[in-house]
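# Observations on the three-dimensional arrangement
If you want the building blocks of each chain, they are given just below.
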Amino acid sequence: MTVSERAHELALAAAQAAADKKAQDIVIIDVGDQLAITDAFLLAAAPNERQVLAIVDAIEERLLELPEKAKPLRREGERGGRWVLLDYVDIVVHVQHTEEREFYALDRLWKDCPTIPFVDRDLVDAESGSTTAE
């Protein structure tokens, strides 16, 4: 894995914020060996424009709450709400409408790069809660 510790922290925090807003198909791709401009891409999808924007807002809020606050250097695509890009330098976040996610298939474009494992905290909590009840 070539991502910095900071990029890893940002990516996981952003992924959890996206998951908390019901984002779909969350993937973190380690692009550090392929790109000099960033360490990782976070990809997430939502079925409508309103949810895309809610996910983006949640990610921005979560990363500002970190001990070392993170603000995006650049934010693009917000007006249409179909694909919003947040550039944090260490990571680049792509929140896409489901149709754009399928059409552009960034996962496929970067398939040779390793992924960084992410498991939604709520799924882990639900699973551990059900095993203790048995």
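An unreviewed UniProt entry annotates the protein as Ribosomal silencing factor RsfS originating from Micromonospora peucetia. What UniProt states about the protein under its Function (unreviewed entry) heading is, verbatim, "Functions as a ribosomal silencing factor. Interacts with ribosomal protein uL14 (rplN), blocking formation of intersubunit bridge B8. Prevents association of the 30S and 50S ribosomal subunits and the formation of functional ribosomes, thus repressing translation."

On to the pairing of strand 1 (residues 24-30). Bridge analysis of strand 1 against strand 2 (residues 40-46) gives 5 bridges, and the strand direction is antiparallel. Residue pairing for strand 2: Ile29 is matched across the bridge by Phe41.

The next thing to look at is helix 2 (residues 49-64). Compared with an ideal rise of 1.5 Å per residue, which puts 16 residues at 22 Å, helix 2 spans 23 Å between its outermost C-alpha atoms and is within 8% of the ideal. Residues Gln51, Val52, Ile55, Val56, Ala58, Ile59, Glu60 and Leu63 constitute the buried set of helix 2. Structurally, helix 2 contributes buried residues whose contacts are with helix 1 (5-20), strand 2, strand 3 (74-76), strand 4 (83-87) and strand 5 (91-97). With a side-chain oxygen positioned 3.2 Å from the backbone nitrogen of Arg50, the residue opening helix 2 is Asn48.

Quick look at the nonpolar core now. If you look at the biggest cluster of nonpolar residues, it comprises 32 residues, and the most contacted ones within it are Ile26, Leu42, Ile59, Leu63, Tyr88, Ile91 and Val93. At the level of secondary structure, the elements contributing two or more residues to this core comprise helix 1, strand 1, strand 2, helix 2, strand 4 and strand 5. The element contributing the most residues to this core is helix 1, with 9 residues.

Quick look at the environment of Gln34 now. Summarising the element assignment, Gln34 is placed in the loop between strand 1 and strand 2. Sequence separation between Gln34 and Asp112 is 78 residues; the distance between their C-alpha atoms is 9.6 Å. Contacts of Gln34, omitting those with residues within four sequence positions, involve Trp110 and Cys113.

Bringing the pairing of strand 4 into the picture now. Here strand 4 lies mainly inside the structure; 4 of its 5 residues are buried. Sheet analysis places strand 3 next to strand 4, joined by 3 bridges and oriented antiparallel. Residue pairing in the sheet places Glu76 in a bridge with Leu85 of strand 4. Of the pairings in the sheet, the one linking strand 4 to strand 5 comprises 5 bridges and is antiparallel in character. Note on strand 5: the bridge partner recorded for Trp83 is Gln96. Hairpin remark: strand 4 followed by strand 5, antiparallel, with 3 residues in the connecting loop; positive phi at Val89, about 70°.

A few words now on the packing of aromatic side chains. The tally for this structure, following the rule as stated, stands at 3 aromatic pairs. A centroid spacing of 5.0 Å and a plane angle of 55° characterise the contact between Trp83 and Tyr104, whose relative ring orientation is tilted. Of this pair, Trp83 sits in strand 4 while Tyr104 sits in helix 3 (residues 98-104), and the two are 21 residues apart along the sequence. Trp83 gets classed as partly exposed once you look at its relative accessible area, which sits at 25%. Look at Tyr104 and you get partly exposed, because its relative accessible area is 44%. Judged by centre distance (4.9 Å) and plane angle (85°), the rings of Phe103 and Tyr104 are edge-to-face. Every member of this aromatic cluster is reached through a ring pair, and the members are Trp83, Phe103 and Tyr104.

The rules we used
- Residues numbered from 1 in each chain as written.
- Predicted model: local features only at pLDDT ≥ 70, side-chain atom pairs only at ≥ 80, totals over all residues.
- Heavy atoms only, no water.
- UniProt positions renumbered as here; feature names shortened; annotations may be inferred.
- Pairing = 2+ DSSP bridges.
- Helix = DSSP H or I, 4+ residues; strand = E, 2+ residues; numbered from the N terminus.
- Expected span 1.5 Å × (residues − 1).
- Buried < 20%, exposed > 50% of the residue type's maximum accessible area, 1.4 Å probe, protein only.
- Contact = heavy atoms within 4.5 Å.
- Polar contact = N/O pair within 3.5 Å; in protein donor to acceptor, adjacent residues only side chain to side chain.
- Core = buried A, V, L, I, M, F, W, Y, C linked by side-chain atoms within 4.5 Å.
- Phe/Tyr/Trp six-rings, centres within 6.5 Å; stacked < 30°, edge-to-face > 60°.

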